[in-house]
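# Examining the three-dimensional arrangement
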Amino acid sequence: MSAQDEQFQAAAPEPAAPSADDGMTWWYRWLCRIAGVIGGMSPFCCQFIEFANAVSARADKLRAWQKAAFYCGMAVFPVMLSLTLTTLFGNAIAFATGVLYGLSALGKKGDAISYARIHQQQKQMDEEKLTGTLEGQAL
């Protein structure tokens, strides 16, 4: 192995292990990442710059709601400085990336069975409260 190969492997960023608790599917995670690259923050383009690896690693560790706030804030700030059609269109993809990360922060929609179970439990608790107050008034 040559010295250039060793330098290339040392400079190449390590792939971040996807966290199992974020609840994002692989295709949604890639959609968010591609939208982020197009939207303006593309750390893989600067993989041979030393400090860019540290920034990229830190950005990958952020939670989805933090990424959403960053991308939306990054998109809204220039529009507030100069509201023109070009800044609006130019920052739309960054804002859309923030929306994608925000939706992933909300999590998956529950299924109908769990909603029905929650509704039934809530109804049962309401009936118990109602019967408890009726018994209290009858005494």
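The sections below set out a description of the structure shown in this document. Since the model is a prediction, treat every value here as computed from it, not as a measurement. (Residues numbered from 1 in each chain as written. Predicted model: local features only at pLDDT ≥ 70, side-chain atom pairs only at ≥ 80, totals over all residues. Heavy atoms only, no water.)

Let us now look at the nonpolar core. With eight residues, the main nonpolar core is built from Met-24, Tyr-28, Cys-32, Ala-35, Ala-68, Tyr-71, Leu-100 and Tyr-101. Listing elements by their share of this core, those giving two or more residues are helix H2 (26-39), helix H4 (64-81) and helix H6 (92-106). A per-element tally of this core places H2 first, with three residues. Residues contacting Leu-100, with those up to four places away along its chain left out, are Tyr-28, Leu-31, Cys-32 and Ala-35. (Core = buried A, V, L, I, M, F, W, Y, C linked by side-chain atoms within 4.5 Å. Buried < 20%, exposed > 50% of the residue type's maximum accessible area, 1.4 Å probe, protein only. Helix = DSSP H or I, 4+ residues; strand = E, 2+ residues; numbered from the N terminus. Contact = heavy atoms within 4.5 Å.)

Turning next to the packing of H4 against H6. Taken N-terminus to C-terminus, the directions of H4 and H6 make an angle of 160°; their axes are 7 Å apart at the nearest point. The angle between H4 and H6 places the two elements in the roughly antiparallel class. The interaxial crossing formed by H4 with H6 has left-handed handedness. Between H4 and H6, the contacting residues are Ala-64, Trp-65, Lys-67, Ala-68, Tyr-71, Cys-72, Met-74, Ala-75 and Val-76 on the first element and Ala-94, Phe-95, Thr-97, Gly-98, Val-99, Tyr-101, Gly-102, Ser-104 and Ala-105 on the second. Looking at the contact of H4 with H6, its residues break down into 13 nonpolar, four polar and one charged. (Axes fitted to C-alpha atoms, helices over the stretch in contact; angles between N-to-C directions. Parallel < 35°, antiparallel > 145°, perpendicular 65-115°, else oblique. Left-handed = near helix turned anticlockwise from the far one by under 90°. Nonpolar A, V, L, I, M, F, W, Y, C, P; charged D, E, K, R; others polar.)

Here the idea is plain: a probe the size of a water molecule rolls over the atoms and shows the empty space left. There is about 180 Å³ of room inside the second largest pocket. If you trace the second largest pocket, you find 10 residues lining it, with Gly-23, Tyr-28, Ser-104, Gly-107 and Lys-108 closest to the centre. Elements supplying a minimum of two residues to the lining of the second largest pocket: H2 and H6. Grouping the constituent residues of the lining of the second largest pocket by class yields four nonpolar, four polar and two charged. (1 Å grid on protein atoms, 1.4 Å probe; cavity = no way out; pocket = protein on both sides within 12 Å on 5 of 7 lines; lining within 4 Å. Points joined across faces, edges and corners; volume = space filled by probe spheres on them.)

This paragraph deals with the environment of Leu-103. One can find Leu-103 in helix H6. Put simply, Leu-103 and Trp-65 are 38 residues apart on the chain and 8.6 Å apart in space, counted from C-alpha to C-alpha.

Moving on: H6. With 15 residues, H6 should reach 21 Å at 1.5 Å per residue; the first-to-last C-alpha distance of 21 Å fits that figure. Within H6, the full set of buried residues consists of Ala-94, Thr-97, Gly-98, Leu-100, Tyr-101 and Ser-104. Down the axis of H6, the buried side of the element spans an arc of 155°, and every buried residue falls inside it. Gly-107 sits one or two residues past H6 and shows a positive phi near 95°. (Expected span 1.5 Å × (residues − 1). Arc of directions from axis to C-beta.)

Moving on: the side chain of Ser-104. With respect to the helices and strands, Ser-104 occurs in helix H6. There is a polar contact of 2.7 Å between the side chain of Ser-104 and the backbone oxygen of Tyr-101. (Polar contact = N/O pair within 3.5 Å; in protein donor to acceptor, adjacent residues only side chain to side chain.)

Moving on: the packing of aromatic side chains. Tallied over the entire structure, the rule returns three aromatic pairs. Note on Trp-27 and Tyr-28: the rings are 5.8 Å apart at their centroids and 85° apart in plane angle, and the pair reads as edge-to-face. Where Tyr-71 meets Tyr-101, the ring centres are 5.8 Å apart and the plane angle is 5°; that geometry is what we call stacked. Residue Tyr-71 is located in helix H4, and its partner Tyr-101 is located in helix H6; the two are separated by 30 residues in the primary sequence. In terms of burial, Tyr-71 and Tyr-101 fall into one category: buried. Here the aromatic cluster, defined as three or more aromatic residues joined through ring pairs, consists of Phe-70, Tyr-71 and Tyr-101. (Phe/Tyr/Trp six-rings, centres within 6.5 Å; stacked < 30°, edge-to-face > 60°.)

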